[in-house]
Amino acid sequence: MAASASAPPAPASPSSLKRIVAASLIGTTIEWYDFFLYGSAAALVFNKLFFPGSDPLVGTLLSFLTYAVGFAARPLGALVFGHYGDRLGRKKLLVLSLLLMGGATFAIGLLPTHATIGSAAPVLLTVLRLVQGFALGGEWGGAVLLVSEHGDAKRRGFWASWPQTGAPAGQLLATGVLSALTALLSDAAFTSWGWRIPFLLSGVLVIVGLWIRLSVDESPVFKAALAQAEERKAASGQVEKMPLVAVLRHHWRDVLVAMGARMAENISYYVITAFILVYATTAVELSKQTALNAVLIASAVHFAVIPAWGALSDRIGRRPVYLIGAIGVGAWMFPFFALIDRGSFGSLLLAVTVGLVLHGAMYAPQAAFFSEMFATRMRYSGASIGAQFSSVAAGAPAPLIATALLADYDSSTPIALYVIAAALLTVVAIGCARETRQRDLNAVEAEPVEDGGPAHRPADARTA
């Protein structure tokens, strides 16, 4: 086959790779900043400005849409961005996702409130939240692939874990900006106009992010795969199937593994960082500021340990590190709640920090692990579908389920069992997966997928 004669693309130089990592990291940080900012503002001011309790219809919109709508749009973003990212390239779609997310967030900062335009205000807010979720659904796959496909197999876990730090970095940035504004402004000033500043600030962040992202090159692995596909088309006249069709035909097991792997990671994260604010302030009667400070400090530790876990996955494998996280999170749940029940800031901080450190063991290798599962011309689609479709069943309802369990049983035991069940599901999924640590991302294109043949060689034939 003519395509197989092509020389594999060389890994990016260290300086180029660092620039690519920076481009992915700042993009994911901005995306998560925008996403978390909405959730924080919803708790502080949106209920008063957009969803006043005096309007039953608006109250229904609040309870039904505010939290879940962002997650509901993620799978659609994964499908659309995955399809075009596998056809047109990673870089173009990452620029588009950043523009969509930043534009929606900036527009929220300009929205008139319910007092000005009535029920149209929450409707517009919900639409912009949908755009945020749509953009975030397409962002993750492209960001981690751009890094994974530029580097070599030896340190792929470490470098690909850096875009993952965008989640804690975005949470820190969003919460920090809001905390500073609430400290500097009076309640009346913050409610009147101060809440808009963090959303408008997103416009500045997007300009910086675009400047960095536009300066990096397209993935060399993708460009080589595209050239091979064109050669195959010219030689045989066969047209490639749609990436989604190819993923479901050749990689459906990998999609299921990715979805199962996400269950414990996603559920535990939102229980540890979101539901804990409810549990600590209601069941344990700690102040909101105390609970928030614990999450902030733990998120800083979370940011620091993610690259360390990624580097460990390069040494011992993706599966062992992932299993450490899944088993660890499950085992930590009962001590987690027992520490919080002691009612001190130190015990709360310890509970949340250990929980996020163990979560990092799943989150860090996830980027390289999912990238290595799929063939290049369907990798954006496969990784995005596996990651984002599971978030609807895992992350979206997790705080709601945990809150309902607390209300029904007035105990943390059912919540701990809920997370443990998710951890067991993830352990089974990882147990069904093959180790991918040494896979050469170029080798997956060694055989065509149009003729019904395998999409990639067995793992032992694809080592770097």
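Our subject is the structure listed above.
Residues numbered from 1 in each chain as written. Predicted model: local features only at pLDDT ≥ 70, side-chain atom pairs only at ≥ 80, totals over all residues. Heavy atoms only, no water.

Focus: the side chain of Ser 412
Of note, Ser 412 is situated in the loop between helix H19 (398–409) and helix H20 (413–432). Among residues more than four places away in sequence, those in contact with Ser 412 are Tyr 279, Phe 337 and Asp 341. (Helix = DSSP H or I, 4+ residues; strand = E, 2+ residues; numbered from the N terminus. Contact = heavy atoms within 4.5 Å.)

Description of the environment of Leu 441
With respect to the secondary-structure elements, Leu 441 resides in the segment after H20. Overall, the relative accessible area of 3% leaves Leu 441 in the buried class. For the pair Leu 441 and Val 221, spaced 220 residues apart in sequence, the C-alpha separation works out to 7.3 Å. Setting aside residues no more than four positions away along its own chain, Leu 441 makes contact with Ser 148, Glu 149, Arg 156, Val 221, Ser 371, Glu 372, Thr 376 and Arg 379. (Buried < 20%, exposed > 50% of the residue type's maximum accessible area, 1.4 Å probe, protein only.)

Looking at the packing of aromatic side chains
Counted by the stated rule, this structure contains 14 aromatic pairs. Pairing Trp 140 with Phe 370 gives two aromatic rings, centres 6.0 Å apart and planes at 75 degrees, and the pair type is edge-to-face. Of this pair, Trp 140 sits in helix H7 (residues 120–148) while Phe 370 sits in helix H17 (residues 345–371); the two residues are 230 residues apart in sequence, bridging distant segments of the chain. The exposure classification of Trp 140 matches that of Phe 370, with both residues buried. Ring geometry for Trp 195 versus Phe 199: centroids 5.9 Å apart, planes at 75 degrees, classification edge-to-face. There is no split in this pair, since Trp 195 and Phe 199 are both buried. Following the ring pairs from residue to residue traces out a cluster consisting of Trp 140, Tyr 322, Phe 369 and Phe 370. (Phe/Tyr/Trp six-rings, centres within 6.5 Å; stacked < 30°, edge-to-face > 60°.)

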